[in-house]
Amino acid sequence: WAMPPKAKKEAKPKTQPEGATKFGPMPESYLKKQKTVAALNAKLAAKATVDAKKRKQTRSEITKRAAKYHKEYKSTAENLVRMRREAKSYGNFFVEDEPKVLLVVRIRGINAVEPRTTKILQLLRLRQIHNAVFLRCNKATLNMLRLVAPYVTYGSPNLKTVKDLVYKRGFGKVNKQRIPITDNSVVESVLGKKGLICVEDVIHEIFTCGDNFKEANNFLWPFKLSSPLGGLNKKRISFIEGGDYGNRETKINAFVRKMI
């Protein structure tokens, strides 16, 4: 007669206290750090979700504004053509409005410049040769340009010139630093409180001389242009005499296009 084999008892899993390992309990500081990191990760994840939603709304708003501005520019151009044709049909001349914005380019350097001229060029933010800035066209600006006429050339820019300058040569002033405008967030970080959230807003304010022209223009760093393709004619002679300096009205667009 044989004894029946004894049934083997199932080994119960050893339970360890929370935060313990096979080498012993975890330090309290490590557990506290784990909780802190987990809370921080949850906070960052929530912030990323909110930021993604905000970016989506901003992109939608930017698209709507760009479409509205394009429609406005097209309507203005068509209205101008219509008025010119009406005047011609009646045998009259159509006189356009005076330009609201001027594009000023410095074409001479610093040699033999009198102190008053130097100060005016500094006020106009034209400290280097081939610098370019936008200015509001008013009596004070025109008087200053007359005093420094031999050193600058200026005229009224069209929409294409404004866009090319901002998109191709545009730098913004962020915390007194020259930062390239590579993203709409650069504009929004500085001009968001003025309702300008994208590059198209800045272009619209500059071209139409809007209510926030001063802030938008101050945000744009003076454009640093290249030497004009093909060179200058005679920069010591005025434009109306076959030279380069002075007022060239709408012909400033072709001139600046050779420098971008």
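Quick note: structure is the one above.
The numbering scheme is per chain: residues are counted from 1 as the chain's sequence reads. Per-residue local features of the predicted model are confined to residues with pLDDT of at least 70, and side-chain atom pairs are confined, for both listing and counting, to 80 or more; whole-chain, interface and lining totals are unaffected and use all residues. With hydrogens and water set aside, each side-chain value is computed from the structure's full complement of heavy atoms.

Some words on the overall build of the protein chain
For the purposes of this entry, the term helix denotes a DSSP run of H or I that reaches at least four residues, the term strand denotes a run of E that reaches at least two, and both are numbered from the N terminus. Looking only at helices and strands, the protein chain features eight helices and nine strands. Once the C-alpha set of the protein chain is aligned to its principal axes, its extents read approximately 135 × 55 × 35 Å. The buried share among the 260 residues of the protein chain stands at 33%. Contacts are residue-level and defined by heavy atoms, with any inter-residue pair within 4.5 Å sufficient. Restricting to contacts in the protein chain with at least 6 residues of sequence separation, those with at least 24 account for 70%. Note that accessible areas follow from Shrake-Rupley with a 1.4 Å probe, and for residues the cover is restricted to the protein chains shown. Only carbon and sulfur atoms are counted for the fraction: they give 55% of the accessible area of the protein chain, which is about 18,300 Å². For this count, His and the chain ends are skipped, Lys and Arg are scored as positive, and Asp and Glu as negative. Taken as the charge centre is NZ of Lys, CZ of Arg, CG of Asp or CD of Glu, depending on the residue. Looking at charge distribution, the protein chain has the averaged site of its 53 positive side-chain charges lying 8 Å from that of its 23 negative ones. With a 1.4 Å probe rolled over the protein chains alone, any residue whose accessible area is under 20% of its type maximum counts as buried; one over 50% counts as exposed, and the rest are partly exposed.

Considering the nonpolar core
We define a nonpolar core as any set of buried Ala, Val, Leu, Ile, Met, Phe, Trp, Tyr and Cys residues linked to one another through side-chain atoms lying within 4.5 Å. In this structure, Phe134, Ile206, Phe219, Leu220, Phe223 and Val256 are the most contacted members of the largest nonpolar core, which totals 35 residues. Residue contacts for Phe223: discarding those within four places in its chain leaves His130, Asn131, Ala132, Phe134, Leu165, Val166, Arg169 and Gly170.

Some details on the sheet that holds strand S5 (residues 152-155)
Pairing is mixed in the open sheet, where five strands are placed in the order S8-S4-S3-S5-S9. The open sheet has two edge strands with one neighbour each: strand S8 (223-224) and strand S9 (246-247). Relative to S8, strand S4 (residues 131-136) runs antiparallel, the two being bridged by two bridges. When the bridges of S8 are listed, Asn131 appears paired with Lys224. A strand pair is defined by DSSP finding two or more bridges across the two strands.

Notes on the side chain of Asn212
Mapped onto the elements of the fold, Asn212 is located in the loop between helix H6 (199-208) and helix H7 (213-219). The residues touching Asn212, leaving out its near neighbours within four places in the chain, are Lys194, Leu196 and Glu205.

Thoughts on the layout of surface pockets
Over the atoms a probe the size of a water molecule is rolled, and this reveals where empty space is left. In this structure, the largest pocket spans a volume of roughly 1,200 Å³. Here the term cavity refers to a set of points on a 1 Å grid, laid over the protein atoms alone, in which a 1.4 Å probe fits but cannot get out; the term pocket refers to an open set having protein on both sides within 12 Å along at least five of seven lines, with lining residues being those that place an atom within 4 Å of a point. Along the wall of the largest pocket there are 33 residues; nearest its centre are Glu96, Asp97, Glu98, Pro99 and Lys100. The set of elements that each furnish at least two residues to the lining of the largest pocket consists of helix H1 (28-89), strand S3 (101-106), helix H3 (139-147), S5, helix H4 (159-169) and H6. No other element matches the eight residues that H1 contributes to the lining of the largest pocket. In this count, Pro and Cys sit with the nonpolar residues alongside Ala, Val, Leu, Ile, Met, Phe, Trp and Tyr, while Asp, Glu, Lys and Arg are called charged and the others, Gly among them, polar. Residue composition of the lining of the largest pocket, by class: 16 nonpolar, nine polar and eight charged. Of the volumes computed, that of the second largest pocket is approximately 390 Å³. Contributing to the lining of the second largest pocket are 15 residues, with Phe134, Leu135, Arg136, Lys214 and Asn217 lying nearest its centre. The set of elements that each furnish at least two residues to the lining of the second largest pocket consists of S4, H3 and H7. Across the lining of the second largest pocket, the residue classes break down as eight nonpolar, four polar and three charged. Grid points are joined across faces, edges and corners, and a volume is the space filled by probe spheres set on the points.

Brief notes about the packing of aromatic side chains
Aromatic ring pairs are defined here through the distance separating the ring centres and the angle between the ring planes. Paired rings are identified among Phe, Tyr and Trp, the last through its six-membered ring, by centres lying within 6.5 Å, and are further divided according to the angle between planes into stacked (under 30 degrees), edge-to-face (over 60) and tilted (the rest). Inspection of every chain in the model, using the stated rule, returns two aromatic pairs. Arranged with centres 5.7 Å apart and planes meeting at 85 degrees, the rings of Tyr73 and Phe207 form a pair that is edge-to-face. With a gap of 134 residues between them, Tyr73 in helix H1 and Phe207 in helix H6 connect regions that are remote in the sequence. With a relative accessible area of 11%, Tyr73 lands in the buried category. Seen from their ring centres, Phe134 and Phe223 are 5.7 Å apart, and the 85 degrees between their planes marks the pair as edge-to-face. Linking Phe134 in strand S4 with Phe223 in strand S8, this pair joins segments that are 89 residues apart in sequence. Geometry around Tyr151 places Arg108 over its ring, the cationic atom sitting 4.7 Å from the centre. Whether a charge sits over a ring comes down to the Lys NZ or Arg CZ being within 6 Å of the ring centre and within 35 degrees of the ring normal.

Bear in mind that shape data such as this cannot, by itself, settle questions of function.
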